[in-house]
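Descriptive structure summary
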Amino acid sequence: MGFVKWANLLLIFHFFAATPIFSHSSSFTSKFLDLAKEPKIFDWMVNIRRKIHENPELGYEEFKTSELITSELTKLSIPYKYPVAVTGVVGFIGTGSSPFVALRADMDALPIQELVEWEHKSKVAGKMHACGHDAHVAMLLGAAKILKAHEKEILGTVVLVFQPAEEGGGGAQKIIDSGALENVSAIFGLHVHPNEPVGVVATRSGPLATGSSFFEAIISGKGGHAAIPQYAIDPIVATSNIIISLQHILSREVDPLDPQVLTIGKFQGGETANVIPDSVLIAGTFRAFSRESMMYLKQRIEQVIIGQAAVHKCNATVTFLNGDKPYSPPTINNYDLHEYFKSVVGNMLGANKIKKAQLLMGSEDFALFQEAIPGYIFFLGMENKSVEQLPSAHSPYFKVNEDALPYGAAIHASLASNYLIKLHQDQPLVEDKYNDEL
Ligand SMILES: [Zn+2]
Ligand SMILES: [Zn+2]
């Protein structure tokens, strides 16, 4: 047989070898949703979600939540690492070798008193899962159960990331610092959305949510009698001008087509009406959709506060906070992953179920993952208008429509399993390097 015939034969072999894997996978992917709706997975997820809802835990205190996760992973014979990032859990399904793809669920609750009266109301006073992270954990476990049942068909390893402290605690950064994402090619996440219907996802390529940063400033003058201001240096008047000047950054310096926010939420100074105080404390936050805009605002906030303080013969110090409220970069969805997401989820739900998400002025610490590796996050609809209108996230009346759980689990499972197939097809691996870090 001549070379050309061999080459043809190899091409034919490659075609038949590659195609069935993908089409087979696509067909089992479309079955993932049916599987996730079956009582053995649906009821199981609902039960897990309700247990977590009854026992909400704040960032880095998710001990019972992680105990529940590790016990379910153990029952499913899924190996895991714990603790990661204080209270996080990282599980593994598949070959244990590269390529690696990650799925993320956040685990923390909020310091809110639940006002919904129902059988599975929070049992902890002042704490509540008011952002749906209880559902996120249940859906990732649902995906884990589905993927485990198809483990032999997984062409690599799915890394399950149960992340603590999303609500301003920087849990994502601690996961990255733990090395859990080394050698991981991409990460996917989702967030429940109370105002999109069940069976619909909302998403977009590029910027999705703002970055956020917090700051404090102390403006120091010289206290004195209110009736003889010429002997004092008044920090109240100085700070009033500072706040007005800060707003001018937004109205006069930044592109009106690049939405940005700067809010002073705290102004503390003085004790009484007839005394000029020594100093004033202000604190605020700023938001923008690009790292460049965030950096520009940061630089100008400091300049304006110090400069305006000097105009009024005051001194000022500005501190950008890192502890309780660390900097969160803008959430920016990777373009290639957006195209990939549309093909996989369009295949499962229909292209008309993928809606363009509105830009969000809130922030999501999934953005930190996206700074480290290609990442993609989307909103999962859970509204059923014929039943009720759902309150927004962080409301004490927040509710999860559990009918959305199978969609999240099935989409997670499909995104991960098909991504590994895509990696094999795009780039046949020459070496099969074990990820020691995992
Ligand atoms: Zn939240
Ligand atoms: Zn959230």
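No experiment lies behind these values; they were computed from the predicted model shown. (Residues numbered from 1 in each chain as written. Chains lettered and ligands numbered in written order. Predicted model: local features only at pLDDT ≥ 70, side-chain atom pairs only at ≥ 80, totals over all residues.)

Remarks on the overall build of the chain
We count it as follows: The numbering of helices and of strands both runs from the N terminus, where a helix is a DSSP run of H or I of at least 4 residues and a strand a run of E of at least 2. Comment: burial labels come from other C-beta atoms within 10 Å of the residue's own C-beta, placed from the backbone, where a count of 20 or more is buried, 12 or fewer is exposed, and between is partly exposed. By definition, residue pairs are in contact when their C-beta atoms, positioned from the backbone, come within 7 Å.
A count of helical and extended segments in the chain gives 10 helices and 16 strands. With respect to the three principal axes, the spread of C-alpha positions in the chain is 100 × 60 × 45 Å. Buried residues in the chain amount to 44% of all 438 residues. Relative to all contacts within the chain whose residues are 6 or more apart in sequence, the contacts with residues 24 or more apart total 80%.

Some remarks on the sheet that holds strand E10 (residues 260-269)
Strands belonging to one sheet form pairs held by backbone hydrogen bonds; the direction of such a pair is parallel or antiparallel. Using the following cut-off: Strands were regarded as paired on the criterion that DSSP finds at least two bridges between them. Where helices are involved, their axes are fitted lines through C-alpha atoms of the stretch in contact, as for all axes, and angles between N-to-C directions lie from 0 to 180°.
Read from one edge to the other, the open sheet built from 4 strands follows the order E10-E12-E8-E13, with strand pairing classed as antiparallel. The open sheet has two edge strands with one neighbour each: E10 and strand E13 (315-320). Sheet twist, expressed as the average angle between the axes of neighbouring strands with direction ignored, equals 20 degrees. The sheet contact formed by strand E8 (residues 211-220) and strand E12 (residues 279-288) spans 10 bridges and is antiparallel. If you follow serine 220 over to E12, its bridge partner there is serine 279. Along the sheet, helix H6 (residues 235-253) makes contact with E8, E10 and E12, crossing E10 at roughly 170 degrees.

Examining the sheet that holds strand E16 (residues 375-383)
Spatially, the 8 strands line up as an open sheet ordered E1-E2-E4-E3-E5-E16-E6-E15, and their pairing is mixed. Of all strands in the sheet, those bounded by a partner on one side alone are strand E1 (80-84) and strand E15 (354-356). Taking each pair of neighbouring strands and ignoring which way they run, the sheet shows an average axis angle of 25 degrees. By the bridge criterion, 6 bridges tie strand E2 (residues 88-94) to strand E4 (residues 157-163) in an arrangement that is antiparallel. Bridge pairing in E4 links phenylalanine 92 to valine 159. Running at roughly 150 degrees to strand E3 (residues 100-106), helix H4 (residues 133-149) makes contact with E2, E3, E4 and strand E5 (184-197) of the sheet. Against the sheet, helix H10 (residues 405-426) touches E3, E4, E5 and E16, its axis set at about 155 degrees to E5.

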